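The residues making up each chain are set out below.
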Amino acid sequence: MELVGTIRHDGDGEVLDDLDTLRGTTRWLQQSGLSATATVPGNVVVDEELRQAVVGVRRAVRALFARAVSPAPPSPADAHRLLPVDEALTLLNAAAGRVPVAPQLHWPAEGTPTAGLLSAEADPGVRVVAALARDAVDFLSGPQREHLRACRAPRCVRYFVKSHGSQAWCKPSCGNRARVARHYERTRGAAGRG
């Protein structure tokens, strides 16, 4: 979810891409919520090749999110440029499979056991891309996929996981924006008929 959220509305009618520069991609990776089971070093150096690989995984995931929310419309941010599903699947699975991993159990003398993944891959960038792809595979094959929605608020481009029965927007401000837009359309329509 966090990877697809790197495309967002800026609040002024434009769409921002947090991964459009090397600096932005570096910042996002440093702040990202990669799964706790992903062994990803904190000292990843982002070059253009890594940035493009991360953007490619995001593009594949957004295409698969669009399929998951179907027949509802996808996010307007990429509705006009979605990858074909078979291409998105191929890209995502290839990225996830670039790094073979083995689960490892860590159990400190004083504490709770945790699981991690051990990889022999030396390139931290390859490990980052594979971890992002594996997280997407886990999400799309898990129970939360059934609750995935594209926010329908005007100008919003986010996907979200529906947490209650009547939720239609990703956040309250989108709900407010949608209500204001409906009110505007009603009053404009009434004024036109009057």
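Residues numbered from 1 in each chain as written. Predicted model: local features only at pLDDT ≥ 70, side-chain atom pairs only at ≥ 80, totals over all residues. Heavy atoms only, no water.

(A) Molecular detail of the pattern of salt bridges. Per the counting criterion, the structure on display carries 5 salt bridges. We note a salt bridge from arginine 58 to aspartate 17, for which the minimum N-O separation is 2.7 Å. With arginine 58 in helix H2 (residues 48–69) and aspartate 17 in strand S2 (residues 15–17), this pair connects stretches of sequence that are 41 residues apart. What makes arginine 58 buried here is its relative accessible area of 4%. Accessibility expressed as a relative area gives 26% for aspartate 17, which makes it partly exposed. (Salt bridge = Lys/Arg side-chain N within 4 Å of Asp/Glu carboxyl O. Helix = DSSP H or I, 4+ residues; strand = E, 2+ residues; numbered from the N terminus. Buried < 20%, exposed > 50% of the residue type's maximum accessible area, 1.4 Å probe, protein only.)

(B) Structural detail: unusual backbone geometry. Here the amide bond leading from serine 70 into proline 71 is cis, since omega sits at 15°, within 30 degrees of zero. With respect to the helices and strands, the residue proline 71 is situated in the loop between H2 and helix H3 (85–97).

(C) Representation of the packing of H2 against H3 within the structure. Two numbers describe how H2 lies on H3: the axes approach to 9 Å, and their chain directions differ by 130°. Accordingly, the angle class assigned to the pair H2 and H3 is oblique. Both H2 and H3 take part in a crossing whose hand is left-handed. Facing H2, whose interface residues are Gly56, Val57, Ala60, Val61, Ala63, Leu64 and Arg67, H3 presents Val85, Ala88, Leu89, Leu91, Leu92 and Ala95. Grouping the constituent residues of the contact of H2 with H3 by class yields 11 nonpolar, 1 polar and 1 charged. (Axes fitted to C-alpha atoms, helices over the stretch in contact; angles between N-to-C directions. Parallel < 35°, antiparallel > 145°, perpendicular 65-115°, else oblique. Left-handed = near helix turned anticlockwise from the far one by under 90°. Contact = heavy atoms within 4.5 Å. Nonpolar A, V, L, I, M, F, W, Y, C, P; charged D, E, K, R; others polar.)

(D) Looking closely at the packing of H3 against helix H4 (residues 124–140). One can describe the packing of H3 onto H4 by two numbers: an axis separation of 7 Å at closest approach and a directional angle of 125°. By the criterion of interaxial angle, the relationship of H3 to H4 is oblique. For H3 against H4, the interelement crossing comes out left-handed. Residues Leu92, Asn93, Ala95 and Ala96 of H3 lie in contact with H4, whose contacting residues are Val129, Ala130, Ala133, Arg134, Ala136, Val137 and Leu140.

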